[in-house]
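# Summary of the model geometry
Here is what each chain is made of, one letter per residue.
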Amino acid sequence: MRPIWPEPGPELDDAQLEDLYRYPAGDDKWLAVNFVSSADGAVETGGQARPLSNPPDRKVLQLGSDLADVVLVGATTAMVEDFRGVHPGEETLKIRRRHDLADVAPTAVVTTGSLPADAPAITQAATTTFVITCASAPPAKQKAWKEAGAELIVAGEQQVDLAAAVRELAERGMRRIDCEGGPHLFGGLIEAGLVDELRLTVSPLLVSGAASRIAAGTPLDPVGIELATVLAEDGVLLLRYLVKGS
């Protein structure tokens, strides 16, 4: 991958790419959201984002979780994409140990009750999964999540209070948060003022149809973002935006 913004340059090696995508130093939380879309704005095709992805996208997505304390994902995305949590290989372990991170970044799944207790994100994860839910989630479902091995974070009454949930993660030492979708979770995080960075891959594909956009939910006054870096490889654009004020 070679940089084309803010300054064009030669291809980045793995160490330079890692440095570009690492989270800011310090004790404040940093929440980065990752998405891939087609050139015409589709966030999925055939119900999944995976067909839009490509090797450059997968490389930076991997770095997002490799350098994070926790991977945050919505229940629908976790189920549709068959998310099984992080299973680090040798290179991931080297990166995480170099940055004094735990060997495995846990997964935190946001749900009001739709997440099955036997979801792979819980049952096939390499470490304990956090289920972030609200007090009104069915008691039987909360019990089932716990029995399946998940640890519950109850934030909010009728709906998940994302600000409280992110605060709870940070208080537990998980301040570097890698969000991997989906659109409704992203929309909720924007509405709550929790997003610090957007990492968007634009794939050289046209999809058309009725595919959704990367953020969905309550209409908001536009939130300003600043273009930080642009990388390119094989027609793929990898954009990093910083939310103004972060």
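- An unreviewed UniProt entry lists the protein under the name Dihydrofolate reductase family protein, with Saccharopolyspora halophila as the source organism.
- Turning to the protein, the UniProt annotation filed under Pathway (unreviewed entry) states: "Cofactor biosynthesis; riboflavin biosynthesis."

## A word on the pattern of salt bridges
- On inspection of all chains with the given rule, the structure shows 15 salt bridges.
- As a salt-bridge pair, R97 and D103 come within 2.9 Å of each other at their nearest N and O atoms.
- With relative accessibility at 32%, the residue D103 sits in the partly exposed group.
- In this structure, E147 and K143 form a salt bridge, with 2.5 Å as the shortest nitrogen-oxygen distance. Of this pair, E147 and K143 both sit in helix α6 (residues 139-147), 4 residues apart, which is roughly one turn of that helix. Neither E147 nor K143 differs from the other in exposure class; each is exposed.
- A single network of salt bridges, built from pairs that share partners, joins E90, E91 and K94.

## Remarks on the side chain of D57
- Within the fold, D57 resides in helix α2 (residues 55-66).
- One buried charged residue, D57, forms no salt bridge at all, with the nearest opposite charge on R58 at 6.1 Å.
- When near neighbours in sequence (up to four residues on either side) are disregarded, D57 contacts V36, T201 and L238.

Each value, and the rule that gives it
- Residues numbered from 1 in each chain as written.
- Predicted model: local features only at pLDDT ≥ 70, side-chain atom pairs only at ≥ 80, totals over all residues.
- Heavy atoms only, no water.
- UniProt positions renumbered as here; feature names shortened; annotations may be inferred.
- Salt bridge = Lys/Arg side-chain N within 4 Å of Asp/Glu carboxyl O.
- Buried < 20%, exposed > 50% of the residue type's maximum accessible area, 1.4 Å probe, protein only.
- Helix = DSSP H or I, 4+ residues; strand = E, 2+ residues; numbered from the N terminus.
- Lys, Arg positive; Asp, Glu negative; His and termini not counted.
- Contact = heavy atoms within 4.5 Å.

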